[in-house]
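Spelled out from the first residue to the last, the chains are:
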Amino acid sequence: MPVCRRKVTVIGAGNVGSTAAQRIAEAGVADVYLIDVVEGLPQGKALDLAEAAPLQHHDQYIIGTNDYADTTESDIIVVTAGLARQPGMSRDDLLLKNAGIVRSVVQQAVHYSPGAILIVVTNPLDAMVHAALEASGFPRERVIGMAGVLDGARFRTFIAQDLGVSASDVSAFVLGGHGDTMVPVPRYSTVAGIPLPELMKPERIEELVQRTRVGGAEIVSMLQTGSAFYAPASSVFHMVDSILNDRKRVLACAVLLRGEYGIDGLVVGVPLVLGASGVERIIEVALTEEEKTALMTSAGSVRGLIETMHVASA
Ligand code: TXD
């Protein structure tokens, strides 16, 4: 029997990267290679995680490195390298700095893993997916941004807390860019199949939608240093798990659109089927005029970021 160990490289051994590494390894989904520009950091975190393996009962290797050669033939590369938001700093402030980091780490990683699927986490998310697409030259099916899973999880949490029901019975639908213009769609959000508007007043729904839009900032303002990482790492885990186990889960992810939802050439969050080959299908649903307008506004803000990024790198 051939040995078939699956390999996930996580670039950036910071909060999201190391927590994602923990979730992936401890669930027994893949070996994890943690890589960072800081020497010792990925090695230290990987060793600490590896020493938890006998207690957590898994057999995955967790290796820390500063050398991309060690990441050769990864199945998935998760990009979390970059700067995190500080209080008062918008995601867009991070744009140019993180675009340079993402381009550089993606180029180095895909050199050793030309068949990998890229999951981009670094903010501003949608623009960083563009940067990763350009730097890798990969088809859109293999360059996927993590945002909708997290935004949806936040919306689900708020709905569940408000109604006093299990969050696992709540399903939420969030479209658009990963920013304050994201478009949670209550009509397509349900509690055990019951549409949300049947269970909650419109004003209350709007409050929860608004809280979801600024969900990242709510946590930044409490933490003071750094941004959310537990739920982001869980979101990465679900994407990795759906791909490596070919689960074909329907998840909201950021992907380059080519006409879907009337958007061409922009990375925007939409529901899609995530399986062994990456994005297997984009699911298009009918939207009301109001929802379409909100989605176009959100896509417009992504377009603005891309233009800024391209002007700066020209
Ligand atoms: O929904 C989402 N997509 C997000 C995005 C949710 C949460 C966090 N989001 C963004 O992910 C956040 O705004 C940041 O841009 C990234 C990573 O967040 P994290 O909280 O993990 O930041 P840290 O703890 O600062 O970790 C970043 C690591 C750190 O160890 C740096 O040394 C490393 O990135 N780094 C690099 N590694 C490799 N190569 C280079 N060039 C490099 N530069 C920094």
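Residues numbered from 1 in each chain as written. Predicted model: local features only at pLDDT ≥ 70, side-chain atom pairs only at ≥ 80, totals over all residues. Heavy atoms only, no water.

On a plain count of helices and strands, the protein comes out with nine helices and 14 strands. Expected size for 314 residues packed as a compact globule is a radius of gyration near 20 Å; at 19 Å, the protein falls within 12% of this value. By its C-alpha atoms, the protein is 50 × 50 × 45 Å across when sized along the principal axes. Residues classed as buried in the protein amount to 53% of the 314 residues present. Partitioning the contacts of the protein with sequence separation of at least 6, the portion at a separation of at least 24 is 69%. For the protein, the computed accessible surface area is about 13,800 Å², with 54% contributed by carbon and sulfur atoms. Taken as two groups, the 25 positive and 35 negative side-chain charges of the protein have centres that lie 2 Å from each other. (Helix = DSSP H or I, 4+ residues; strand = E, 2+ residues; numbered from the N terminus. Rg over C-alpha atoms; globule rule 2.2 N^0.38 Å. Buried < 20%, exposed > 50% of the residue type's maximum accessible area, 1.4 Å probe, protein only. Contact = heavy atoms within 4.5 Å. Areas by Shrake-Rupley, 256 points an atom, 1.4 Å probe, with all protein chains shown as cover. Lys, Arg positive; Asp, Glu negative; His and termini not counted. Charge placed at Lys NZ, Arg CZ, Asp CG, Glu CD.)

Moving on: the sheet that holds strand 10 (residues 190-191). Sheet strands pair by backbone hydrogen bonding; their relative direction is either parallel or antiparallel. Strand order in the open sheet made by the three strands is 7-10-11, with antiparallel pairing throughout. In this open sheet, the two edge strands, each paired with only one partner strand, are strand 7 (170-171) and strand 11 (194-195). (Pairing = 2+ DSSP bridges.)

Along the chain, Asn123 connects to Pro124 via a cis peptide bond; the corresponding omega equals -5°. Residue position: Pro124 is located in the loop between strand 5 (117-120) and helix 4 (125-136). Of note in this structure, Gln224 is not a glycine but carries a positive phi near 70°. For Gln224, the location among the structural elements is in the loop between helix 7 (215-223) and helix 8 (230-244). Residue Gln224 is classed as partly exposed on the basis of its relative accessible area, which comes to 45%. Positioned with a positive phi, Lys248 is a non-glycine residue whose angle comes to about 60°.

A separate point is helix 2 (residues 41-56). Its 16 residues place the ends of helix 2 22 Å apart at the C-alpha level, agreeing with the 22 Å of an ideal helix rising 1.5 Å per residue. Among all positions of helix 2, only Pro42, Ala46, Leu49, Ala52 and Ala53 are buried. All buried residues of helix 2 lie within an arc of 130° about the axis, which places them on one face of the element. Those residues of helix 2 that are exposed and angled more than 90 degrees off the buried face are Leu47, Asp48, Glu51, Pro54 and Leu55. For helix 2, the secondary structure elements touched by its buried residues are helix 1 (15-26), strand 2 (31-35) and strand 3 (62-65). Residue His57 follows helix 2 closely and has a positive phi angle near 60°. (Expected span 1.5 Å × (residues − 1). Arc of directions from axis to C-beta.)

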